[in-house]
Amino acid sequence: MEPFIPQLVFIEPQALEYQLGQELKQKFTDMGLEIRETTSHNQIRGIPGDNEFQQYRNAKSTLVVGVRRTLKFDTSKPSAEYAIPLATGCMGHCHYCYLQTTLGSKPYIRTYVNLDEIFDQAQKYMDERKPEITRFEAACTSDIVGLDHLTHSLKKTIEFIGQTEHGRLRFVTKYHHVDHLLDAKHNGKTRFRFSVNSRYVIKNFEPGTSSFDERLEGARKVAAAGYPLGFIVAPIYMHEGWQEGYHELFERLSNALQGIPLNNLTFELIQHRFTKPAKRVIEKRYPKTKLEMDEEKRKYKWGRYGIGKYVYPTEEAQNLEQTLRQYIGSFFPEAEIEYFT
Ligand code: SF4
C-alpha cells in the first residue's frame, strides 16, 4: 500500500494565515497537485464525477486544508473522554465504516491547520479535570495515521500530549506509514493501536487500506519505539468459519510480535453493527458487498438521536465475546481486554 496522495486539493484562504497552511500549500504545489480555493471546508463544490458514485470515489481522494472553527470536542467514545479534531474523513474504502453515514454528503478529507487553538482547547479540558487523567482520541472521524505523512499534525499532537502531565492520546489505524512518528517525543503518553481482523474481513471489506502484514510491520516499529501498543478487533463479524478465522488472527499476531516487549498491551473488541441509514448508503456505494446486513438476524439496540443499531443477538454476541477472550487469553495472557461492545 502506497502512502496516500490526494488527486485534488482545496485550501481555505484563512488556512493560509497559519504556518501549517502555508507549508502544506507549498508542499502540494511542489508535488504538482491541482490546488483550488474554497471559501469553506464545509462546502466543497466541483468534485469531479458524472454521478454520485464517481463523486464519492473522487471525494475520498480529495484533501481540504481548512481551519477548525468548532473547538468544542466531542465526548461520545467508550475509549476516551474527548475526541481531538485533527482531521475528518478517510481515504480508505471499508464497506462497514460508520463515517459513510456520519459524514453524509461530505466524504472528502479535511485537515485542520489551527493546531495551536486545538491544543489550547485540549489544555482547558485537562485543566478542568486534573488531577484526573484526560484521554483524547484522535481517530474518531478519520484514520489520522493514513494522512499524517503529509501533514505531521498527529506527530505534533503526540509531542504536545507528551509534555503534559495529565493528558493521554490514543488513535487507531489501518495504515502502516508510521516512520515519521517513530522519533516523536511521546513520553509513553500515546497509545498506538492498529485495527486488525480475520483474513476474510480484511479481504472482503477493507479495500484501500494497508494489508495485515503491513499493519503488523507498523506495530512492531511503534512498539520498538516505546509506544504503548494496542489492537482493536473491529468489526468482529460472524462469517463462515469465523472461529478458525479469528483463531488464526491471534496466532499470526502472536508470531509476528515474538521478541518484542509487550508490557501493557491492550485489546478492544467491537462487534459488527449497522443502522438502517448506513445500510442504505453502503448498498449504494458498494453495491456488490458481501457484508451481511439482515435486520432479521440481528438484535435492535436503541441509540442516540433515535437511530438504533442492529447488533448480534445476545447469545451470538456472548459467543463472539467468549471465543475472542479465550483466544486472547491463550496467545496474550498478559494483555488487558479493555472492553467488548
Ligand atoms: S480505515 Fe477506518 S476510517 Fe478509513 S474507511 Fe476504513 S474504517 Fe473508515
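Everything here concerns the structure above.
Definitions and cut-offs
- Residues numbered from 1 in each chain as written.
- Predicted model: local features only at pLDDT ≥ 70, side-chain atom pairs only at ≥ 80, totals over all residues.
- Heavy atoms only, no water.
- Helix = DSSP H or I, 4+ residues; strand = E, 2+ residues; numbered from the N terminus.
- Rg over C-alpha atoms; globule rule 2.2 N^0.38 Å.
- Buried < 20%, exposed > 50% of the residue type's maximum accessible area, 1.4 Å probe, protein only.
- Contact = heavy atoms within 4.5 Å.
- Areas by Shrake-Rupley, 256 points an atom, 1.4 Å probe, with all protein chains shown as cover.
- Lys, Arg positive; Asp, Glu negative; His and termini not counted.
- Charge placed at Lys NZ, Arg CZ, Asp CG, Glu CD.
- Axes fitted to C-alpha atoms, helices over the stretch in contact; angles between N-to-C directions.
- Parallel < 35°, antiparallel > 145°, perpendicular 65-115°, else oblique.
- Left-handed = near helix turned anticlockwise from the far one by under 90°.
- Nonpolar A, V, L, I, M, F, W, Y, C, P; charged D, E, K, R; others polar.
- Salt bridge = Lys/Arg side-chain N within 4 Å of Asp/Glu carboxyl O.
- Expected span 1.5 Å × (residues − 1).
- Pairing = 2+ DSSP bridges.
- Polar contact = N/O pair within 3.5 Å; in protein donor to acceptor, adjacent residues only side chain to side chain.
- Near = heavy atom within 4 Å.
- Core = buried A, V, L, I, M, F, W, Y, C linked by side-chain atoms within 4.5 Å.
- Arc of directions from axis to C-beta.

1. Concerning the overall build of the protein
Along its length, the protein carries 11 helices and 14 strands. Relative to the 2.2 N^0.38 estimate, which gives 20 Å for 341 residues, the radius of gyration of the protein is 20 Å and therefore close to what a compact globule would have. Taking the principal axes of its C-alpha atoms as reference, the protein extends roughly 55 × 50 × 35 Å. In the protein, which comprises 341 residues, the share counted as buried stands at 55%. Restricting the contact set of the protein to residue pairs at least 6 apart, pairs at least 24 apart contribute 77%. For the protein, the accessible area works out to roughly 15800 Å², and carbon and sulfur atoms hold 48% of it. One way to put it: in the protein the 46 positive side-chain charges average out to a point 4 Å from where the 44 negative ones average out.

2. So, the packing of helix α8 (residues 212-224) against helix α9 (residues 242-256)
Where α8 contacts α9, the two axes come as close as 10 Å, and the packing angle between them is 40 degrees. Accordingly, the angle class assigned to the pair α8 and α9 is oblique. The hand of the α8/α9 crossing is right-handed. In this structure, α8 uses F212, D213, L216 and R220 to contact α9, whose residues at the interface are L249, R252, L253 and A256. Tallied by class, the residues present in the contact of α8 with α9 amount to five nonpolar, no polar and three charged.

3. A few points about the pattern of salt bridges
Pairs can form between side chains of opposite charge whenever their charged atoms are close. Taken as a whole and assessed by the stated rule, the structure comprises 20 salt bridges. For R215, the salt bridge goes to E206, with nearest N and O atoms at 2.8 Å. There is no split in this pair, since R215 and E206 are both buried. One connected set of salt bridges, linked through shared partners, spans E137, R170, R193, E268 and E338.

4. Observations concerning α9
The first and last C-alpha atoms of α9 sit 21 Å apart over 15 residues, in line with the 21 Å expected at 1.5 Å per residue. Those residues of α9 lying buried are W242, G245, Y246, L249, F250, R252, L253, S254 and A256. In this structure, the buried residues of α9 make contact with β9 (190-196), α7 (199-205), α8, β10 (229-236), β11 (266-271) and α11 (314-331).

5. Considering the sheet that holds strand β2 (residues 34-37)
Read from one edge to the other, the open sheet built from five strands follows the order β2-β1-β3-β6-β5, with strand pairing classed as mixed. Of all the strands in the sheet, the pair left with one neighbour each is β2 and β5 (87-88). Bridge count between β5 and strand β6 (residues 109-112): two bridges; the pairing is antiparallel. Looking at β6, one finds that A87 is bridged to T111.

6. Some thoughts on the side chain of R110
Along the chain, R110 turns up in strand β6. An unpaired buried charge is present at R110: no salt bridge exists, and E12, the closest side chain of opposite charge, is 8.3 Å distant. At 3.4 Å, the side chain of R110 and the backbone oxygen of K106 are in polar contact. Beyond its immediate chain neighbours, meaning those up to four positions away, R110 contacts H41, N42, V64, L86, A87, T88 and L103.

7. Considering the side chain of E268
With respect to the helices and strands, E268 occurs in strand β11. Looking at E268, its side chain comes within polar contact range of the side chain of Y339, at 2.9 Å. If near-sequence neighbours (up to four positions away) are discounted, E268 is found in contact with S79, R170, R193, F231, I232, V233, E338 and Y339.

8. Side note on the site of the ligand
Taken together, the neighbourhood of the ligand is formed by C90, G92, C94, C97, L99, D143 and K174. Looking at the shell around the ligand, its residues break down into four nonpolar, one polar and two charged.

9. Points about the nonpolar core
By size, the foremost hydrophobic cluster in this structure holds 95 residues, and its most contacted members are F231 and F267. Setting aside residues up to four positions removed in sequence, F267 forms contacts with F231, V233, F250, L253, I328, F332, A335, E336, I337, E338 and Y339. Judged by nonpolar contacts, the second largest core, of seven residues, contains F10, I47, V64 and Y108.

10. Re the sheet that holds β11
Reading across from one edge, β4-β7-β8-β9-β10-β11-β14 is the order of the seven strands in this open sheet, with parallel pairing throughout. Every interior strand has two partners, whereas the edge strands, β4 (82-83) and β14 (336-340), have only one.

11. Re the packing of α9 against α11
Put simply, α9 and α11 touch, their axes get as near as 10 Å, and they point 25 degrees apart. Considering the angle they form, α9 stands roughly parallel to α11. For the crossing formed where α9 meets α11, the hand is right-handed. Facing W242, Q243, Y246, H247, F250, E251 and S254 of α9, the residues of α11 in contact are N319, L320, T323, L324, Y327, I328 and F331. When grouped by side-chain class, the residues that make up the contact of α9 with α11 number eight nonpolar, five polar and one charged.

12. Things to note about helix α10 (residues 276-285)
Looking at α10, one finds that the buried residues are A278, K279, I282 and R285. In an axial view of α10, the angular spread of the buried residues amounts to 140 degrees, which keeps them on one side of the axis. Looking at α10, the residues exposed on the side facing more than 90 degrees away from the buried face are R280 and K284. Looking at the buried residues of α10, the elements they touch are α2 (52-59) and α3 (99-102). With a side-chain oxygen positioned 3.1 Å from the backbone nitrogen of A278, the residue opening α10 is T275.

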